[in-house]
Each structure stands twice: as structure tokens, then as C-alpha cells.
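# Structure assessment
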Amino acid sequence: GPAYHGTHLLNGGWNGKVVAIDNSPEMEKVACNRGFNGNYLCADAIIGLEQIVNADLIFIPRYSIVLVDKEYAAKLFKQAAKSLHTNGVFFVEIHKDANIENQLYIGGRWDKLSINKRIVETPLGKIECIWPYKTEIVDSDKKIVDMDVRITIAKDSLVDEYVFTSREHLHTKADILKFADE
């Protein structure tokens, strides 16, 4: 979540204040348990940003912008502009347009993404996350895709599997530039 990335900023030498905004109380608990020492706002992103003034940097990492539709993204960009100081930076990580335009219409070859498969060893066992595990196009004109995420936890001979669906709005570079211009 955002606290994880904020912690890496601090550990990398960032000497500014870090505020993580996430609408999930569970993510806040994870952040606190992992020692996040910044300010955590458990709120909608726009409402959270309304509390921020003169930010040096606002960033939306790891493709998180796909979780909101175009209308919300446009409002989010407007609020980010209000929250940044004059020379502040707004950083948004998005999929390459080729992944969106060329792959969406054939159901995607998302397995080519570096974050498609992640495996970590933990005391709970070996945890494997595959995203997307399966895709289904919801609206090709609006570039909306349902992507299943599969998480397996294997320890000894036991394997637990969890699958959930993430509805994703695939914003192109042109979409992002349009939000920024508005």
C-alpha cells in the first residue's frame, strides 16, 4: 500500500513528511504493524488530499489509478493540483499503452508484466500472487476489464487458494495527459 512506498522514500533519503492515503482500515493496520512512521489517512483519496497543502510530491504507484474510473480520476487530478505547491510533482504509474491498446482486445497477455507473478516465503508458508490470473473484458470502448487475482499459500502439503476480482479502468497516456490538462 501507500505506506510501503512512503517508507521506501524515507529509507532512500527523502527528508520530507510522508502521508499515506488509503481507504482501507486493513491496510492501515498492516502499515502500523510494519512500522510505518508517517501520517496515515484512512480516507478516500480526494478527501484525504483535501487535507494536504503544499505537497512536494504526490504519487500513485503500482498502477493503482486503474482502480478508479475516468470521472473520478479527473477529479483526483484536480485535487492533486490544489494540494501540490508550485513546483510540486505529481507522479502516476500506468501500464504501457501497448499493453492496453494491443492486449485488451485479445483478452490480454498480462503475463508479460513484471508484476504478474510474485512469490514470497513467509512463516505462513510460500505465498504466490498471480495478477491477473484470468481476464474478462467488461467494456472495450471504455477499456474496463475484470481481472481475477489468485493468491495461494502453501505450507507443507497444505495449499489454500483465494481468488478475487479486481475491476480495472485502463487509462492510456493520452487519458492521463487529458486529466492533467483539465
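All of these numbers come straight from a predicted model, not from anything done at the bench. (Residues numbered from 1 in each chain as written. Predicted model: local features only at pLDDT ≥ 70, side-chain atom pairs only at ≥ 80, totals over all residues. Heavy atoms only, no water.)

Along the protein, the regular secondary structure elements total 6 helices and 8 strands. Along its sequence from the N terminus, the protein presents helices and strands in the succession α-β-α-β-α-β-α-β-α-β-β-β-β-α. Sorting the 182 residues of the protein into buried and exposed places 37% on the buried side. Within the protein, residue pairs in contact and separated by at least 24 positions form 53% of the contacts whose partners lie at least 6 positions apart. (Helix = DSSP H or I, 4+ residues; strand = E, 2+ residues; numbered from the N terminus. Buried < 20%, exposed > 50% of the residue type's maximum accessible area, 1.4 Å probe, protein only. Contact = heavy atoms within 4.5 Å.)

On inspection of all chains with the given rule, the structure shows 6 salt bridges. Here Asp146 makes a salt bridge to Arg167, at a shortest N to O gap of 2.7 Å. Of this pair, Asp146 sits in strand 7 (residues 144-155) while Arg167 is found in strand 8 (residues 158-169), placing the two residues 21 residues apart along the sequence. On the basis of relative accessibility, which here comes to 15%, the residue Asp146 falls in the buried class. Across the pair Arg150 and Glu161 runs a salt bridge, and its minimum N-O distance is 3.8 Å. Taken as a pair, Arg150 in strand 7 and Glu161 in strand 8 lie far apart in primary sequence, 11 residues in all. Classification of Arg150 as buried rests on a relative accessible area of 16%. Residues joined in a network through salt bridges with shared partners are Lys117, Glu128, Arg150 and Glu161. (Salt bridge = Lys/Arg side-chain N within 4 Å of Asp/Glu carboxyl O.)

Looking now at the nonpolar core. Nonpolar side chains in soluble globular proteins tend to be buried together. Counting 18 residues, the largest nonpolar core has Leu49, Ile58, Ile65, Leu76, Phe77, Val92 and Phe179 as its most contacted members. Mapped onto this core, the elements with two or more residues apiece are helix 3 (45-49), strand 3 (55-60), helix 4 (70-83), strand 4 (84-92) and helix 6 (173-181). It is helix 4 that provides the largest number of residues to this core, a total of 5 residues. Judged by nonpolar contacts, the second largest core, of 8 residues, contains Cys129, Trp131, Met147 and Leu170. (Core = buried A, V, L, I, M, F, W, Y, C linked by side-chain atoms within 4.5 Å.)

No statement about biological role is implied by the geometric values presented.
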